[in-house]
Amino acid sequence: MSDSKTGTKASPPMPHSRFSPAGAVGMLFRGISKANRTYGVEWWIMIVGIVIVLFVAYCALLPQTIAPFGPNNQNAGPQLSPPSAAHLFGTDNLNRDVFSRVIWGSRTILGVAFAAALVSSLIGIPLGLFSGYVGGAVDRILSLVMDSVYAFPGLILAIAFAAMLGPGVVNITLAVAVIYIPTYFRLVRGQTLQLKQQLYVEAARSIGAKRGTILFRYIFPNIIATVVVVFSLNIADAITTEAALSYIGLGLPAGIPDWGMDLSMGKSFLPSGVWWMITFPGMMIMLLALGFTMLGEGLAEILNPRLLEK
Amino acid sequence: MKGLLRYIVTRIALTIPMVFVLLTIVFVVLRVMPGDPVSAFLGGHAPQSVIDQKKEELGLNKPIYVQYVNYLGQIARFNLGNSMVLDQTVWSAIRDKLPATIELTLFGMFFTLLIGVPLGAFAARNRRSPADFGIRIFGNVAYCIPVYWMGLMLQLVFAVWLHWFPVAGRTGARVVISTFSTTGFYVLDAIIHGNIPILLDVLDHLFLPSITLGIVLSGVFIRLTRANMLDTLKADFILAAHARGVPDRIVTYRHGLKNAFVPILTMLGLQFAILLSGAILTETTFSWPGMGRLLVERIYLRDYPVVQGVIVIFAIMVSVISLIVDLLYALIDPRVKY
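Residues numbered from 1 in each chain as written. Chains lettered and ligands numbered in written order. Predicted model: local features only at pLDDT ≥ 70, side-chain atom pairs only at ≥ 80, totals over all residues.

Description of the overall build of chain B
Helix and strand content of chain B: 14 helices and zero strands. Going from the N terminus to the C terminus, chain B shows its helices and strands as α-α-α-α-α-α-α-α-α-α-α-α-α-α. Principal-axis analysis of the C-alpha atoms places the extent of chain B at approximately 85 × 55 × 40 Å. Taken across its 338 residues, chain B has 39% of its residues classed as buried. Considering only intrachain contacts with a sequence separation of at least 6, the fraction spanning at least 24 residues in chain B is 73%. (Helix = DSSP H or I, 4+ residues; strand = E, 2+ residues; numbered from the N terminus. Buried ≥ 20, exposed ≤ 12 C-beta atoms within 10 Å, placed from the backbone. Contact = placed C-beta atoms within 7 Å.)

Things to note about the overall build of chain A
Per the secondary structure count, chain A includes 12 helices and zero strands. For chain A, the succession of helices and strands along the chain, N to C, is α-α-α-α-α-α-α-α-α-α-α-α. Buried residues in chain A amount to 45% of all 310 residues. Of the contacts formed within chain A by residues at least 6 apart in sequence, a portion of 68% connects residues at least 24 apart.

As for the environment of L199 of chain A
Structurally, the position occupied by L199 of chain A is in helix α9 (residues 199–206). For the pair L199 of chain A and S246 of chain A, spaced 47 residues apart in sequence, the C-alpha to C-alpha distance is 49 Å.

So, the confidence of the model for chain B
Averaged over every residue, the pLDDT of chain B is 82; residues scoring 70 or more account for 91%. Scored as a whole, the predicted complex attains pTM 0.83, and scored at its interfaces, ipTM 0.83. (pLDDT = per-residue confidence, 0-100.)

Notes on the interface of chain A and chain B
Contacts between chain A and chain B engage 38 residues on the former and 40 residues on the latter. Looking at the side of chain A that touches chain B, the elements that each hand over two or more residues are α5 (136–151), α6 (154–165), α10 (211–247), α11 (259–267) and α12 (276–303) of chain A. Looking at the side of chain A that touches chain B, the element that brings in the most residues is α6 of chain A, giving nine residues. The residue inventory of the side of chain A that touches chain B, partitioned by class, reads 29 nonpolar, seven polar and two charged. (Nonpolar A, V, L, I, M, F, W, Y, C, P; charged D, E, K, R; others polar.)

Re α6 of chain A
Residue and element names in this part refer to chain A. Here α6 contains 12 residues, and its C-alpha end-to-end distance of 16 Å stays within 8% of the 16 Å for a straight helix at 1.5 Å per residue. Of all 12 residues that make up α6, 11 are buried, and the element is covered over most of its length. A positive backbone phi angle near 85 degrees is found at G166, which sits one or two residues after α6. (Expected span 1.5 Å × (residues − 1).)

Quick word on the packing of helix α8 (residues 147–161) of chain B against helix α10 (residues 196–233) of chain B
Residues and elements named next belong to chain B. Remark: α8 packs on α10, axes separated minimally by 9 Å, with the N-to-C direction vectors making an angle of 135 degrees. Between α8 and α10, the crossing angle belongs to the class labelled oblique. Judged by the twist between their axes, the crossing of α8 over α10 is right-handed. Seen from α8, the contacting residues are V147, M150, G151, L154, Q155, F158 and A159; seen from α10, they are L208, P209, T212, L213, I215 and V216. (Axes fitted to C-alpha atoms, helices over the stretch in contact; angles between N-to-C directions. Parallel < 35°, antiparallel > 145°, perpendicular 65-115°, else oblique. Left-handed = near helix turned anticlockwise from the far one by under 90°.)

Focus on the environment of L144 of chain A
Looking at the element boundaries, L144 of chain A is found in helix α5. A tally of 15 C-beta atoms within 10 Å means that L144 of chain A is categorised as partly exposed. Discounting residues that sit within four places of it in the chain, L144 of chain A has contacts with P17 and V21 of chain B.

Topic: helix α7 (residues 130–144) of chain B
The terminal C-alpha atoms of α7 of chain B lie 21 Å apart, and with 15 residues this matches the ideal 21 Å at 1.5 Å per residue to within 8%. Each element contacted by the buried residues of α7 of chain B is listed here: α10 and α12 of chain A together with α6 (98–125) and α10 of chain B.

Brief notes about the packing of α7 of chain B against α10 of chain B
Residues and elements named next belong to chain B. Running from N to C, α7 and α10 point in directions that differ by 130 degrees, and their axes come no closer than 7 Å. As summarised for this structure, α7 and α10 are arranged oblique, according to the angle between their axes. The crossing of α7 and α10 is left-handed. On the side of α7, the interface is formed by I135, G139, N140, A142 and Y143, while α10 contributes I215, V216, S218, G219, V220, I222 and R223. Of the residues belonging to the contact of α7 with α10, the class tally is seven nonpolar, four polar and one charged.

Have a look at this one:
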């Protein structure tokens, strides 16, 4: 326990103040081997997650450096040709290069999932803090509403939202964001209920700290570790939800490359054995979701050393 | 026993606010949010008079609180209104789709437990072994597989390439629909009528969609079973059983798994919502004529009373399932206080 606790703060002391590339590499290796000894498998899970996320993030930021064709280029090659050297993932029914579409599509899904997770955390966290701290009737009503939304199948709620708002990047982000608000609310509220009993919070109250100060300066910092983990897992979930919405045709207007939409297009060519149109976009959805899940899981084990006791 | 009865009554009473809140949320999403179903349905160029007339027909011209009361009143009388597109009541549109979705969900749940619980228990028993590691990886990956993609891939491999199963649909082309008018649950109907070929045909169609759901959802149950088993196996009564010389396998699976099962049951209730979401997507993949496809089809047609009806039914279903799970929980685990 005490060992892993010191490990959380582990940053090797700087041997000398001047920066040198060799020194940096050496420090990196020392850091890796130390973390490896302290955390074991969990650490590697997190690293793999980070690598996947960074890779897709690179695709999203600079797709033109990887993709040989534009996402909507209808002269990329022959129609429905299987994967080849010229077209790594083959071409689709509109002569577009599937590989290029997959690379460009990462921008859409990553942007929407990240923005959605951000929006729901920005709403859910303050509500949870407030509700847990204030208690009483406000807390009971908010909890009832949040628990009900939480119990409801998220996708159906998102479908209803998306259907009413119509297609569009902002609309789909909101539709995805709504269903994750209760996740943050429940998490933050539960922890606030525990933390507000702590002596240091009472001390803050007794010296007349304002409610906002107590919530955000005293209670919130103790929740950050958990929130970070949930945020990462939340993005993973938002990715599959976004793709699901566009898979059933409620997502984005045509012209924006999107993995879910590519899947639903590929679906109609599936009976004739066109496997490449569905295999690659779907694989990317899974990979990206897996990356964020692994990142979150690894973080959870590292940030919460008690789990390591098992 | 009296305590149990009181618990049941209290729990049923507690379901009412939940249903109420859910119905309110559905109302807020579909009516208070921006976006006007009538003009959307009639298209942008419809004259105002036509729009107004349609709104009056549907009661959408009234103040929002009157609409809200009417909406709740209608649902309380089990009246979901009429379709805007087809000449049918909302209930008649839903009636034969609901059993299809429930059937798919139940079989999906069956496969989920069939895959998840034994694998999780096995992993817990052989903790930190390569098998444990492999099962955990499988669980994590399965959890991340988008259910619709899993469906497409299984369809591709087992239906299109290998021809082991039909690609889509609920029955083969030769099956007479009238066989299925008894309950709407095709498996049940085929058994009632004692029609073995039809039963096999129905199961054949049911297999791929439900195993899709089963594989994807098993991830959660592997993890949950494993975690609960690890906790349970640390308990004193397990040690006592070992001390008495009970064989290891029996201790693990009979003593341990039985006790680890209560939280799994609770999870089953929570997972039901995810299962329903998954079923909707799987329906789209396998052209399964259920609630999910109805919902998506009617969204395209902008048949908003049916959309509302489908979501209301889902809301009620979720509340009832959570009620049932809680009651089962109280019945199974005598330690639950009521």
